Amino acid sequence: MATVVRRTKLGSQGLQVSAQGLGCMGMSAFYGPPKPDTDMIALIHHAIHSGVTFLDTSDVYGPFTNEILLGKALQGVREKVELATKFGIRFADGKQEIRGDPAYVRASCEASLKRLQVDCVDLYYQHRIDTSLPIEVTIGELKKLVEEGKIKYIGLSEASASTIRRAHAVHPITAVQLEWSLWSRDVEEDIIPTCRELGIGIVAYSPLGRGFLSAGQNFVENLHESDFRKYLPRFQGENLQHNKTIFEKVNEMAARKECTPAQLALAWVHHQGDDVVPIPGTTKIENLNQNIGALSVKLTPEEMAELESYASADLVKGDRYGFSAGTWKESETPPLSSWKIEFFERKLL
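Rules and cut-offs
- Along each chain, the written sequence defines residue order, and numbers are assigned to residues from 1.
- pLDDT decides what is reported in this predicted model: residues at 70 or higher carry local features, side-chain atom pairs at 80 or more are listed and counted, and totals for whole chains, interfaces and linings draw on all residues regardless.
- Processing note: side-chain calculations cover all non-hydrogen atoms of the structure and skip hydrogens and water entirely.
- Exposure classes here rest on a 1.4 Å probe applied to the protein chains alone. A residue is buried below 20% of its type maximum, exposed above 50%, and partly exposed in between.
- Helix numbers and strand numbers start at the N terminus; a helix is a DSSP run of H or I with at least 4 residues, a strand a run of E with at least 2.
- Think of it this way: DSSP has to see at least two bridges between two strands before they count as a pair.
- Contacts were defined at the residue level, with two residues in contact if any of their heavy atoms lie within 4.5 Å.
- Interaxial angles span 0 to 180 degrees and are taken between N-to-C directions of axes, which are lines fitted to C-alpha atoms, for helices over the stretch in contact.
- Pairing of aromatic side chains here covers Phe, Tyr and the six-membered ring of Trp, requires ring centres within 6.5 Å, and sorts the geometry by plane angle: under 30 degrees stacked, over 60 edge-to-face, intermediate tilted.
- For classification purposes, an angle smaller than 35 degrees is called roughly parallel, one larger than 145 roughly antiparallel, one from 65 to 115 roughly perpendicular, and anything else oblique.
- Crossing handedness: left-handed means the near helix sits turned counterclockwise from the far one by under a right angle, and right-handed means the same turn made clockwise.
- Residues are grouped as follows: Ala, Val, Leu, Ile, Met, Phe, Trp, Tyr, Cys and Pro are nonpolar; Asp, Glu, Lys and Arg are charged; all remaining types, including Gly, are polar.

(A) The arrangement of the pairing of strand 8 (residues 121-126) in detail. Burial analysis of strand 8 places 6 of its 6 residues in the buried class, which makes it a mostly covered element. In this sheet, strand 8 lies alongside strand 5 (residues 82-87) in parallel orientation, the contact comprising 4 bridges. Within the sheet, the bridge partner assigned to threonine 85 lies in strand 8 and is tyrosine 124. Here strand 8 runs beside strand 9 (residues 151-157); their pairing, made up of 5 bridges, is parallel. Each residue of the ladder has a partner; that of tyrosine 125, found in strand 9, is glycine 155.

Now the structure itself:
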């Protein structure tokens, strides 16, 4: 019997989404060569038909090609989906640049609308935080885009608790996207409680540990040379040898529960609360079906605790990224007051 994908509220402003979403990045970028458009469009249509209607992309995936892919896939089905995209990361002269200035925000949004072939994006995230200017400046422009009907709801990705609070004071933030999985739990101390205090929804990316919690060490060894996961600290040398024990224990418990390790790991995320929506990515229909099945896996408090004991912080070796700039840990922005003074002095305001 097929699992029914329930609907849930994301945040406090009225957005409703499927309780599990679909991360589309790996279809076009970062996880090896791009996959054929026809296959990915068929996958997206299968997801929508199955009840997975919350689709996640970004202008940097490709760059741009993932949004173009979704634009094609959404022809005739736009009204059936909740569409999320992002801005803020661009590559210039071979280097990554983070931008949140108003002109860039507006230009990025309008370009995404064209590529996606839509008039409005349901959820528009700042993909990474521009630490060169106050978060209030970026959110101020996003607020204008909401008022103009170009976006419905505002989100942040990899933002610290203080950044989230400051942003939310300018305009309600509907969702914060962050990496949260059985073996990536640093957000639980400060960021998750802040979101819940403010009524902000939580979107968990890489809920399967970038695939590791689905297939373990063998999955890493078979990655394509162009797959950036191959170079993440957790998947390197001694770290990988150590971390494989985590997957083995998850796999053993999954066998007892008569589910797959991926379903068990995803079920753990679902059991964090109705305000949490994981967005596992895949390029295969069979994996999508398997991920949907995670919604039917029930875990007792004892089983949750057992799972967490396998992947406690001191047992996971290696950072999430090879550099901290890609995380919330370096997302603080200057105070608005000092920024205004600086720009008055430059006669730019």
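Still to come is the rest of the account.
(B) Representation of the side chain of glutamate 141. When you line up the elements, glutamate 141 lands in helix 4 (residues 135-147). Classification of glutamate 141 as buried rests on a relative accessible area of 8%. Discounting chain neighbours no more than four positions away, the residues touching glutamate 141 are Pro102, Val105 and Arg106.

(C) Region of the structure containing the sheet that holds strand 11 (residues 201-205). Strand order in the open sheet formed by 8 strands is 3-4-5-8-9-10-11-12, and the pairing between neighbours is parallel. In this open sheet, the two strands that pair with only one neighbour each are strand 3 (22-23) and strand 12 (276-278). Pairing between strand 11 and strand 12: 3 bridges, direction parallel. When the sheet's bridge partners are listed, isoleucine 202 is paired in strand 12 with valine 276. In the packing of helix 3 (residues 102-116) onto the sheet, the strands contacted are strand 5, strand 8 and strand 9, and the crossing angle to strand 8 comes to about 140°.

(D) Broad picture of the packing of aromatic side chains. Using the criterion set out here, one finds 10 aromatic pairs in the structure. The interplanar angle of 35° and the centroid separation of 5.1 Å between the aromatic rings of phenylalanine 87 and tyrosine 124 together place this pair among those described as tilted. Here tyrosine 124 lies in strand 8 and phenylalanine 87 lies in strand 5, a separation of 37 residues in the sequence. Accessibility assignment for this pair places phenylalanine 87 and tyrosine 124 in one class, buried. Judged by centre distance (4.7 Å) and plane angle (0°), the ring pair of tryptophan 183 and phenylalanine 212 falls under stacked.

(E) Up close: the packing of helix 3 against helix 4. In the contact formed by helix 3 and helix 4, the axes pass within 9 Å of each other and the chain directions differ by 40°. The angle between the axes of helix 3 and helix 4 places the two elements in the oblique class. Seen from above, helix 3 lies across helix 4 with right-handed handedness. Across from Pro102, Val105, Arg106 and Cys109 in helix 3, the residues of helix 4 making contact are Val137, Thr138, Glu141, Leu142, Lys144 and Leu145. Here the residues of the contact of helix 3 with helix 4 sort into 6 nonpolar, 1 polar and 3 charged.

(F) Summary view of unusual backbone geometry. With omega at 0°, the peptide bond leading from glycine 62 into proline 63 counts as cis. Residue position: proline 63 is located in the loop between strand 4 (54-56) and helix 2 (65-73). Despite not being glycine, phenylalanine 30 has its phi angle at roughly 70°, a positive value. For phenylalanine 30, the position within the fold is in the loop between strand 3 and helix 1 (37-50). Relative accessible area serves as the criterion here: at 32%, phenylalanine 30 is assigned to the partly exposed category.

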